[in-house]
Amino acid sequence: MKLVIVGCGRVGSQIAADMDHAGHEVVIVDRDPNAFSRASTRGVLTREFKGDQVVGNGTDVDILRRAGVEHADGFVAVTEGDNRNIMASQIAKNIFKVPHVVARIYDPERAEAYEKIGLHTICPTLEGARHIEKVLLERESR
Amino acid sequence: MYVIVVGGGTVGYYLSRDLVERGHEVTLIERDGKRADWLETQLGSIVMRGDGCEVRFLAQTGIERADAIIAVTADDEDNLIALQMAKKHFKVKKTIARVNNPTNVEIFKMLGVDEAVSATEVLLGALEPPLTT
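Quick look at the structure, then.

The rules behind these values
- Residues numbered from 1 in each chain as written.
- Chains lettered and ligands numbered in written order.
- Predicted model: local features only at pLDDT ≥ 70, side-chain atom pairs only at ≥ 80, totals over all residues.
- Helix = DSSP H or I, 4+ residues; strand = E, 2+ residues; numbered from the N terminus.
- Rg over C-alpha atoms; globule rule 2.2 N^0.38 Å.
- Buried ≥ 20, exposed ≤ 12 C-beta atoms within 10 Å, placed from the backbone.
- Contact = placed C-beta atoms within 7 Å.
- Pairing = 2+ DSSP bridges.
- Axes fitted to C-alpha atoms, helices over the stretch in contact; angles between N-to-C directions.
- Nonpolar A, V, L, I, M, F, W, Y, C, P; charged D, E, K, R; others polar.
- Core = buried A, V, L, I, M, F, W, Y, C linked by C-beta atoms within 7 Å.

**Focus: the overall build of chain B**
Part 1 of the argument: A tally of helices and strands in chain B yields six helices and six strands.
Part 2 of the argument: Across chain B, helices and strands are ordered from the amino to the carboxyl terminus as β-α-β-α-β-α-β-α-β-α-β-α.
Part 3 of the argument: The C-alpha atoms of chain B give 15 Å as radius of gyration, which agrees with the globular expectation for 133 residues (14 Å, within 12%).
Part 4 of the argument: Each of the three principal axes of chain B carries a C-alpha extent, and together these read 50 × 30 × 25 Å.
Part 5 of the argument: The buried share among the 133 residues of chain B stands at 39%.
Part 6 of the argument: Contacts spanning at least 24 positions in sequence make up 48% of the contacts within chain B whose residues lie at least 6 apart.

This is the structure in structure tokens:
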């Protein structure tokens, strides 16, 4: 698939590397030009990465066009800002009609509110907490 | 009218002040504590400190009886989310945004905001003479 990822932090760069390795066409966007080299220093986006890197604001329609959002099959918004992720993914979903759009939203309330109106949201706060609680309770019951 | 203003920067401050002078009821929401304190010294108890994108906080502002909400922070994404929350959660009739990126005027309307105002567009309009055909 053709995939656009907004946000080249730990999660974004990992998805980019994995999907590229699996043979998908990846474009990763970050407004900080140093984000890409940081990912490569961490050993995530190495020289083997065949995808494209675009420097710019992922909520800017012109930047998203440059990243190929018009022909994308998948879109992932994983910047540090919940609101940026919500805005970028709504642009991808509602304006460019990208079929698979996923937004990371840390704030559980905001995640629930946007999930209700049809945005596919991932809330690491709730999922992380539940996972840790599960591990704790499993230990206790042993 | 009861108007909620999100963002107490320069635009939010003067906007709230003028709305009060015109006899409207106003709540000004500011996220930054220091800035909120300063705004309160100027405008009094109409200032509330909090995040205008949070449903729980918005619920404390009497938003369900607001006639309009105007989001004027410096971040387009924050303005969009505050107004979408106001519209979808609290059914506020009129939502108005300040946008910094002029291409967002159209985008905001497509995403459910009633009015979007771009200072860049206004300035360009002032610079360019009207087209005469």
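After presenting the structure, the write-up continues.
**Quick look at the overall build of chain A**
Part 1 of the argument: Within chain A, the secondary structure is distributed over six helices and six strands.
Part 2 of the argument: In terms of overall dimensions, chain A is globule-like: its C-alpha atoms have a radius of gyration of 16 Å, near the 14 Å expected for 142 residues.
Part 3 of the argument: Based on the C-alpha atoms only, the size of chain A along its principal axes is roughly 50 × 35 × 25 Å.
Part 4 of the argument: For chain A, buried positions account for 39% of its 142 residues.
Part 5 of the argument: For chain A, long-range pairs separated by at least 24 residues make up 55% of all intrachain contacts whose partners lie at least 6 apart in sequence.

**Some details on the sheet that holds strand β3 (residues 47-49) of chain B**
All names here are of chain B.
Part 1 of the argument: Spatially, six strands are ordered β3-β2-β1-β4-β5-β6 in an open sheet, and the strand pairing comes out parallel. The two strands at the open ends of the sheet, each matched to only one other strand, are β3 and β6 (115-118). For this sheet, the mean angle separating the axes of adjacent strands, direction not counted, is 20°.
Part 2 of the argument: Here four bridges tie strand β5 (residues 94-99) to β6, and the two strands are oriented parallel to one another. Within the sheet, the bridge partner assigned to Val99 lies in β6 and is Ser118.
Part 3 of the argument: Sheet strands touched by helix α1 (residues 10-21): β1 (2-6), β2 (25-30), β4 (68-71) and β5. Its angle to β2, the strand with the most contacts, is close to 165°.
Part 4 of the argument: Against the sheet, helix α4 (residues 76-90) touches β1, β4 and β5, its axis set at about 175° to β5.

**A few points about the interface of chain A and chain B**
Part 1 of the argument: The partner chain B presents 17 residues to the 17 residues of chain A that form the contact.
Part 2 of the argument: Counting only elements with at least two residues in the side of chain A that touches chain B, the list comes to α3 (61-66), α4 (82-95) and α5 (108-116) of chain A.
Part 3 of the argument: Taken together, the residues that form the side of chain A that touches chain B break down as seven nonpolar, five polar and five charged.

**With respect to the sheet that holds strand β3 (residues 52-55) of chain A**
Residue and element names in this part refer to chain A.
Part 1 of the argument: With parallel pairing, six strands are arranged side by side in an open sheet as β3-β2-β1-β4-β5-β6. The sheet is open, and its two borders are formed by β3 and β6 (120-122), each paired with just one other strand. Across the sheet, the axes of successive neighbouring strands diverge by a mean angle of 20°, strand direction being ignored.
Part 2 of the argument: Bridge count for strand β2 (residues 25-30) against β3 is four bridges, and the pairing is parallel. Across the sheet, the residue bridging to Ile28 is Gln53, located in β3.
Part 3 of the argument: Those strands touched by α4 are β1 (2-6), β4 (74-77) and β5 (100-104), and its axis lies near 175° from that of β5.

**Observations regarding the nonpolar core**
Part 1 of the argument: Counting 72 residues, the largest nonpolar core has Val4(A), Ile5(A), Val5(B) and Ile69(B) as the members making the most contacts within it.
Part 2 of the argument: In terms of residue count, α4(B) provides more of this core than any other element does, six residues in total.
Part 3 of the argument: Those residues in contact with Ile69(B), other than ones at most four positions away along the chain, are Ile4(B), Val6(B), Leu83(B), Ala86(B), Val92(B) and Thr95(B).

**Digging into the environment of Glu25(A)**
Residue and element names in this part refer to chain A.
Part 1 of the argument: Considering the arrangement of structural elements, one finds Glu25 in strand β2.
Part 2 of the argument: For Glu25, a count of 18 C-beta atoms within 10 Å corresponds to the partly exposed category.
Part 3 of the argument: Through-space distance from the C-alpha of Glu25 to that of Met1 is 6.1 Å; in sequence the pair is 24 residues apart.

**Concerning unusual backbone geometry**
Across residues other than glycine, the phi torsion is negative in most instances, and most of the peptide bonds are trans.
Part 1 of the argument: The backbone of Lys97(A) sits at a positive phi, close to 55°, despite the residue not being glycine.
Part 2 of the argument: Using a count of 11 C-beta atoms within 10 Å as the deciding quantity, one classes Lys97(A) as exposed.
Part 3 of the argument: The backbone phi angle of Lys91(B) is positive, close to 55°, even though this residue is not glycine.

**Section: the environment of Lys93(B)**
All names here are of chain B.
Part 1 of the argument: Structurally, Lys93 is set in the loop between α4 and β5.
Part 2 of the argument: Looking at Lys93, the number of C-beta atoms within 10 Å reads 11, which means it is exposed.
Part 3 of the argument: Taking the C-alpha atoms as reference points, Lys93 and Ala82, eleven residues apart in sequence, are found 14 Å from one another.
Part 4 of the argument: Setting aside residues no more than four positions away along its own chain, Lys93 makes contact with Asp67 and Ala68.

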